[in-house]
Amino acid sequence: MSDLLERLRGRGWRLTSQRRVVAEVLDGEHVHLTADEVHARAVERLPEISRATVYNTLGELVCLGEVLEVATDGRAKRYDPNAHHAHQHLVCSGCGAIRDVHPQGDPLAALPPAERFGFTISGAEITYRGLCPDCAPRP
Ligand SMILES: [Zn+2]
Ligand SMILES: [Zn+2]
């Protein structure tokens, strides 16, 4: 669970009705929505919410570190509320479905010192690609 709304309350983030709706739309597991999808769902709850407000709120949540931006091959950026549990992504090349996955081992430790080129490494993102069961050709 992402419990995004609770985290934001805990941080004392000013929860206007518009911000609350954006946070509610993003809450949950395996949530990876584009900004337009967030807007479409937010409008169902709060018809007057503007696209600009949704975009600004998403930007703030990313700055706060409470929402991750996920870039996937040539598709629109996704917003992911699962910001506090290290995870990687499994992406369907057919329909773009995304699942949170937890490979074994530390991806940072997987890079040999000889290939660090003196960098202090702070993060790693791994994207596993393939076809989901709905997109895989049936035998
Ligand atoms: Zn698929
Ligand atoms: Zn994710």
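Residues numbered from 1 in each chain as written. Chains lettered and ligands numbered in written order. Predicted model: local features only at pLDDT ≥ 70, side-chain atom pairs only at ≥ 80, totals over all residues. Heavy atoms only, no water.

All right, on to the overall build of the chain then. Scanning the chain for helices and strands turns up four helices and six strands. Ordered by position from the N terminus, the helices and strands of the chain form the series α-α-β-α-α-β-β-β-β-β. Across its three principal axes, the chain shows a C-alpha extent of roughly 50 × 45 × 25 Å. The 139 residues of the chain split such that 32% are buried. Long-range contacts, defined here as pairs at least 24 residues apart, represent 48% of the contacts in the chain between residues at least 6 apart. Accessible surface computed for the chain: about 8,700 Å², of which carbon and sulfur atoms make up 52%. Here the chain contributes 16 positive and 19 negative side-chain charges, whose respective centroids are spaced 3 Å apart. (Helix = DSSP H or I, 4+ residues; strand = E, 2+ residues; numbered from the N terminus. Buried < 20%, exposed > 50% of the residue type's maximum accessible area, 1.4 Å probe, protein only. Contact = heavy atoms within 4.5 Å. Areas by Shrake-Rupley, 256 points an atom, 1.4 Å probe, with all protein chains shown as cover. Lys, Arg positive; Asp, Glu negative; His and termini not counted. Charge placed at Lys NZ, Arg CZ, Asp CG, Glu CD.)

Of note, the phi angle at His 30 is positive, near 55°, even though the residue is not glycine. By the secondary structure assignment, His 30 is in the loop between helix H2 (17-26) and strand S1 (33-34). In this structure His 30 comes out as partly exposed when scored by relative accessible area, which is 30%. Although it is not a glycine, Phe 117 adopts a positive phi angle of roughly 50°. Among the structural elements, Phe 117 can be located in the loop between strand S5 (98-101) and strand S6 (127-130).

Turning our attention to the coordination of the zinc ion (ligand 1). Coordination of the zinc ion (ligand 1) by the protein involves Cys 92 (SG), Cys 95 (SG), Cys 132 (SG) and Cys 135 (SG), with metal-donor separations of 2.3 Å. Here the zinc ion (ligand 1) is ringed by four donor atoms whose angles at the metal span 105 to 114°, and the overall shape comes out tetrahedral. When the donor residues of the zinc ion (ligand 1) are listed from N- to C-terminus, their spacing reads C-x2-C-x36-C-x2-C. Note that Cys 92 is positioned in strand S4 (residues 88-92) and Cys 132 in the segment after S6, a separation of 40 residues in sequence. (Donors = N, O, S within 2.8 Å, 3.2 Å for Na, K, Ca; no water. Tetrahedral: all angles 85-135°; square planar, octahedral: opposite > 155°, others 65-115°.)

Counting residues in hydrophobic clusters, the biggest one holds 21 residues, and the most contacted among them are Val 22, Leu 26, Val 38, Val 54, Leu 58 and Leu 61. Counting only elements with at least two residues in this core, the list comes to helix H1 (4-10), H2, helix H3 (35-45) and helix H4 (51-64). The dominant element in this core, judged by the number of residues it contributes, is H2, at five residues. (Core = buried A, V, L, I, M, F, W, Y, C linked by side-chain atoms within 4.5 Å.)

Reading across the sheet, the three strands line up as S1-S3-S2 and stay open at both edges, with antiparallel pairing between neighbours. Edge strands, defined here as strands with exactly one partner in the open sheet, are S1 and strand S2 (68-70). Strand direction decides the pairing type here: S1 and strand S3 (residues 78-80), joined by two bridges, are antiparallel. Across the sheet, Leu 33 pairs through a bridge with Tyr 79, a residue of S3. (Pairing = 2+ DSSP bridges.)

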